[in-house]
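# Coordinate inspection notes
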Amino acid sequence: MEQELGLTFHASAAEMVPSCDVVTINAPLHPETEGLFDDELIAAMKRGAYLINTARARIADRDAVVRALQSGRLAGYAGDVWFPQPAPSDHPWRAMPNHGMTPHISGSSLSAQARYAAGTREILESFFAGTPIRDEYLIVDGGKLAGTGAHSYAVRG
């Protein structure tokens, strides 16, 4: 079937990640997946790959993701759920490089998803053009609450 479809079967994530430029996690959280993307699995990924976690934050080891981004092992990380949530003010993902956190859209309407996509595109276009991102789209900037985030969340000591 692999030949017929022009695909390659990988029996495990560890076998698959060395051949991927982008890895997207779409798996339930259970004992076998908690912390799955740890230092060891991330080290098996292509240097400069992107990790996208639309599943649960605890599938990726929080600190392993930070180290991989700081070292350049990962080129970027995107996710839609933090652990814990809401994230404390000192959560390391607030200041790690090359990451984007988006709203969790599972179960939302198609029109809502279209609005999310349009907003995400605007944010990316602003970022790459070096122009300011609208305040209503900002939660954190430079490791500190900003825009809507500054109006929505209290800074805890």
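These numbers were taken from a predicted model, which means no experiment stands behind them.

Thresholds, definitions, all that
Residues numbered from 1 in each chain as written. Predicted model: local features only at pLDDT ≥ 70, side-chain atom pairs only at ≥ 80, totals over all residues. Heavy atoms only, no water. Salt bridge = Lys/Arg side-chain N within 4 Å of Asp/Glu carboxyl O. Helix = DSSP H or I, 4+ residues; strand = E, 2+ residues; numbered from the N terminus. Buried < 20%, exposed > 50% of the residue type's maximum accessible area, 1.4 Å probe, protein only. Right-handed = clockwise from strand over helix to strand, strands pointing away. Pairing = 2+ DSSP bridges. Axes fitted to C-alpha atoms, helices over the stretch in contact; angles between N-to-C directions. Contact = heavy atoms within 4.5 Å. Core = buried A, V, L, I, M, F, W, Y, C linked by side-chain atoms within 4.5 Å. pLDDT = per-residue confidence, 0-100. Phe/Tyr/Trp six-rings, centres within 6.5 Å; stacked < 30°, edge-to-face > 60°. Lys NZ or Arg CZ within 6 Å of the ring centre and 35° of its normal.

Our focus in this paragraph is the pattern of salt bridges. All told, the structure shown has seven salt bridges when counted by the stated rule. Among the salt bridges present, the one from arginine 58 reaches glutamate 34, with a minimum N-O distance of 2.5 Å. Remark: glutamate 34 occurs in the loop between strand 1 (22–25) and helix 3 (39–44) and arginine 58 occurs in the loop between strand 2 (49–53) and helix 4 (62–71); sequence separation between them is 24 residues. On the accessibility criterion, arginine 58 (30% relative accessible area) is partly exposed. A salt bridge links aspartate 63 to arginine 62; the nearest nitrogen and oxygen atoms lie 2.9 Å apart. Because the salt bridges share partners, they merge into one network encompassing Glu122, Arg134 and Glu136.

Our next topic: the pairing of strand 2. On strand 2, burial follows the alternation: Ala49, Leu51 and Asn53 on one face are buried, whereas Tyr50 and Ile52 on the facing-out side are not. In the classification by handedness, the crossover that spans strand 1, the intervening helix 3 and the parallel strand 2 is right-handed. In the classification by handedness, the crossover that spans strand 2, the intervening helix 4 and the parallel strand 3 (residues 74–79) is right-handed.

Pairing in this open sheet of four strands is parallel, and the strands run 1-2-3-4 from one edge to the other. Unpaired on one side and paired on the other, strand 1 and strand 4 (99–101) mark the two borders of the sheet. When strand polarity is set aside, the average angle formed by the axes of neighbouring strands in this sheet is 10 degrees. Along the sheet face, helix 4 touches strand 3 and strand 4 and points at about 140 degrees away from the line of strand 3.

Moving on: the nonpolar core. In this structure, Phe37, Ile42, Met45, Leu51, Val65, Tyr77 and Trp93 are the most contacted members of the largest nonpolar core, which totals 26 residues. Element by element, the count of residues in this core is highest for helix 4, at five residues. If we ignore the near neighbours within four places in the chain, the residues touching isoleucine 42 are Phe37, Ala64, Val65, Ala68, Arg73 and Leu74.

Here the protein averages 89 in pLDDT, and 97% of its residues register 70 or above. For the protein, per-element mean pLDDT is lowest for strand 4, which scores 82, and highest for helix 3, which scores 98.

Time to look at the packing of aromatic side chains. In the structure shown here, the tally under the stated rule is three aromatic pairs. With a centroid separation of 6.0 Å and 50 degrees between ring planes, the pair formed by tryptophan 82 and tryptophan 93 is classed as tilted. With a gap of 11 residues between them, tryptophan 82 in the loop between strand 3 and strand 4 and tryptophan 93 in the loop between strand 3 and strand 4 connect regions that are remote in the sequence. Neither tryptophan 82 nor tryptophan 93 differs from the other in exposure class; each is buried. Ring geometry for phenylalanine 127 against phenylalanine 128: centres 5.2 Å apart, planes inclined by 80 degrees, an arrangement best described as edge-to-face. Like phenylalanine 127, the residue phenylalanine 128 is exposed in the burial classification. Clustering of aromatic rings is evident, with ring pairs tying together Tyr77, Trp82 and Trp93. Across the ring face of phenylalanine 83, the terminal group of arginine 58 is positioned such that the distance to the ring centre comes to 4.6 Å. Lying across the ring of tryptophan 82, arginine 94 places its NZ or CZ 5.4 Å from the centre.

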